[in-house]
Amino acid sequence: MVILGQGYVGLPVAIRAVQAGFDVVGFDIAKDRVERLRSGKTFIDDISDDDVAAALATGRYLPSSDSDDLSGFDIAVISVPTPLRDGAPDLSYIEQASNTLAPHVRRGCCVILESTTYPGTTEEIVVPRLEAGGSLRAGTDFHVGFSPERINPGDPIYGLRNTPKIVSGIDKASLAAVTDFFSQLVDEVVPVSGTREAELAKLLENTFRHVNIALVNELAIYCHGLGIDVWSVIDAAASKPFGFMKFTPGPGVGGHCLPIDPSYLSWQVRRSLGQNFRFVEIANDINDHMPDYVVRRATSHLNAERKAVNGSRILLIGLAYKRNSGDARQSPAITVARRLADLGARLRAVDPLIDPHYVPAGVELVECSDAEVASADLVVVLTDHDQVDWTLLERYAERVLDTRNRLRSPAADRL
Ligand SMILES: NC(=O)c1ccc[n+]([C@@H]2O[C@H](COP(=O)([O-])OP(=O)(O)OC[C@H]3O[C@@H](n4cnc5c(N)ncnc54)[C@H](O)[C@@H]3O)[C@@H](O)[C@H]2O)c1
């Protein structure tokens, strides 16, 4: 089998498929990534060097950027990026991956799209490209399906194997082929009636989180104005055993999913129906403004000490977009850092996990030490990695703005 894209999503699938006994070509156009994998090195948190080395040692895992290695495939999984470009879905990676696969499509093979995208992509974008230039027809001669990835980087409990996997196909035979493949990789598959429904299910999951995070973010802003502790409010509400799901506020949303996927949905609703998906618009608006709100809170903190942001030394705790991850794609912490830098702050940051290429210019990565914290005019907690020395920070709580409710000391200024 072949997997196009060896990133956060494609690499874990490749490693799991090798473990399940498949011969796997991990195809990626990024040659440096392929070279790294070939030398047994990972670049994502959830897969270790040992995992990659073990896969290579079986002789059944071939990281490659040579499209000739795709020939003769029986199953292909497409796990390539789906970013936004000027607010609209950019499906060029899916188009390119489908074009690359097309010459290798054979009778009886199965192509599965895993990238998150808007409903209709599998049938309208992938199928015509796989059929182009050949006589084989999707459904009649080969199978095509969609199965969204639900990977949650850094999650110690739910991984690829024990997270139920939605599967779908353009017809019954395709659904059976996709189900058969993923049943060998994961404990539970969830068949869905069609590819559009499966595509939309993934967008619903992420839009649900996006909207609920926006709800508690807006609540946090109003609670601060009202002098009410939002964290106690949420904990109290979460004691209800039904009809409530706990979400917590923070400096905004990041990663490859929440800042992007809901906009795929609203874009398609606008394109097809000429309507605005209001929940998505509002959630985008609130979550996008959270970094500005954090900067405002940091400014008033310094103001209370008769200090300006300009020239103040600010220590940021965490730059990644989520706890215990080194991923800072679209991280709101990076936006906060840039805004504070624009205002003239002298910035240093503690993040034991961050991939250094994400660290913005003008921000110095430092260790979390007594001296570092003591010399900061303000500490701003943006990401609550377990590896940070929280006890040390609690000693300086009066000078800490905690956007994650990680500090237990009452003196900490919490979001
Ligand atoms: N990261 C997550 O937590 C997550 C979770 C669920 C779903 N997704 C979705 O999965 C998809 C992939 O995301 P990701 O995080 O793995 O992205 P990524 O950037 O980590 O990896 C994508 C890889 O695809 C490669 N690529 C690009 N074009 C290619 C082509 N034509 N052929 C072969 N390889 C190609 C890139 O070089 C890159 O290595 C996206 O649609 C994303 O929304 C991501």
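Calculation rules
Residues numbered from 1 in each chain as written. Predicted model: local features only at pLDDT ≥ 70, side-chain atom pairs only at ≥ 80, totals over all residues. Heavy atoms only, no water. Helix = DSSP H or I, 4+ residues; strand = E, 2+ residues; numbered from the N terminus. Polar contact = N/O pair within 3.5 Å; in protein donor to acceptor, adjacent residues only side chain to side chain. Pairing = 2+ DSSP bridges. Buried < 20%, exposed > 50% of the residue type's maximum accessible area, 1.4 Å probe, protein only. Contact = heavy atoms within 4.5 Å. Lys, Arg positive; Asp, Glu negative; His and termini not counted. Salt bridge = Lys/Arg side-chain N within 4 Å of Asp/Glu carboxyl O. Domains from an automatic or database assignment. Buried area = accessible area lost by both parts, 1.4 Å probe. Near = heavy atom within 4 Å. Areas by Shrake-Rupley, 256 points an atom, 1.4 Å probe, with all protein chains shown as cover. Expected span 1.5 Å × (residues − 1). Bend = angle between axes of the 7 residues up to and from the residue.

**Q** What is the right way to read the environment of Ser 331 from this model?
**A** Topologically, Ser 331 is positioned in the loop between β11 (313–317) and α11 (332–342). Taking the C-alpha atoms as reference points, Ser 331 and Arg 408, 77 residues apart in sequence, are found 25 Å from one another. A distance of 3.2 Å separates a polar atom in the side chain of Ser 331 from the backbone nitrogen of Ala 333.

**Q** For this particular structure, what's the right way to read the sheet that holds strand β13 (residues 363–365)?
**A** For sheets, the rule is that strands pair by backbone hydrogen bonds, running either parallel or antiparallel. The strand order β13-β12-β11-β14-β15-β16 describes an open sheet built from 6 strands, whose pairing is parallel. Looking along the sheet, the strands with just one partner apiece sit at the ends: β13 and β16 (413–414). Bridge count for strand β12 (residues 346–350) against β13 is 3 bridges, and the pairing is parallel. By the bridge assignment for β13, Leu 347 is matched with Val 363.

**Q** Sorry, what's going on with the side chain of Lys 165 here?
**A** Within the secondary structure, Lys 165 is located in strand β9 (residues 165–169). Under the relative-accessibility criterion, Lys 165 is labelled buried at 2%. Polar side-chain contacts of Lys 165 include one of 2.9 Å to the side chain of Glu 114. Setting aside its immediate chain neighbours within four residues, Lys 165 contacts Glu 114, Ser 147, Pro 148, Glu 149, Arg 150, Phe 182, Val 186, Glu 188, Val 189 and Val 190.

**Q** Is there a simple way to think about the side chain of Asp 261 in this case?
**A** Here Asp 261 is to be found in helix α9 (residues 261–273). Look at Asp 261: it is buried, it has no salt bridge, and the nearest opposite charge is Lys 202 at 5.1 Å. Within the structure, Asp 261 has its side chain in polar contact with the side chain of Asn 206 (distance 2.6 Å). For Asp 261, the residues in contact, after removing those within four places along its chain, are Thr 116, Lys 202, Leu 203, Asn 206 and His 256.

**Q** Please clarify how the domain arrangement of the protein chain should be interpreted in this entry.
**A** According to the domain assignment, the protein chain contains domain 1 (2–193) and domain 2 (230–414). One C-alpha centre belongs to domain 1, the other to domain 2, and the line joining them spans 33 Å. The partner domain 2 presents 17 residues to the 19 residues of domain 1 that form the contact. In total, domain 1 and domain 2 occlude about 1,400 Å² of area from one another, counting both sides; carbon and sulfur atoms represent 54% of this. For the domain 1 face of the interface with domain 2, the top three residues by lost area are Tyr 8, Leu 84 and Tyr 118, together amounting to 34%. Linking domain 1 with domain 2 are 0 salt bridges.

**Q** Can you walk me through the site of the ligand in this structure?
**A** The full set close to the ligand counts 25 residues, and Val 9, Asp 28, Arg 33, Thr 82 and Thr 116 are the nearest of them. Contact between the ligand and Tyr 8: an oxygen atom at 3.0 Å from a main-chain N or O atom of the residue. Note that an oxygen atom of the ligand is positioned 3.3 Å from one of the side-chain N or O atoms of Arg 329. Calculation on the ligand without its partners gives an accessible area of 830 Å², and the protein chains cover 94% of this total.

**Q** Please explain α9 as it appears in this structure.
**A** Because each turn of an α-helix spans 3.6 residues, side chains separated by three or four positions end up pointing in the same direction. Between its terminal C-alpha atoms α9 stretches 18 Å, which fits the 18 Å expected from 13 residues at 1.5 Å a residue. Taken residue by residue, α9 has Asp 261, Pro 262, Ser 263, Tyr 264, Leu 265, Ser 266, Gln 268 and Val 269 as its buried positions. Turning to α9, the residues buried within the fold contact β5 (84–85), β6 (88–89), α7 (195–226) and α10 (278–304). Downstream of α9 by one or two residues, Gly 274 has phi in the positive range, about 70 degrees.

**Q** Looking at this structure, how should I read α10?
**A** For α10, spanning 27 residues, the distance from its first C-alpha to its last is 38 Å, which sits close to the expected 39 Å at 1.5 Å a residue. Most pronounced at Met 290, the bend in α10 amounts to some 40 degrees, and the proline Pro 291 follows within four residues. Arg 306 sits one or two positions beyond α10 and adopts a positive phi of about 60 degrees.

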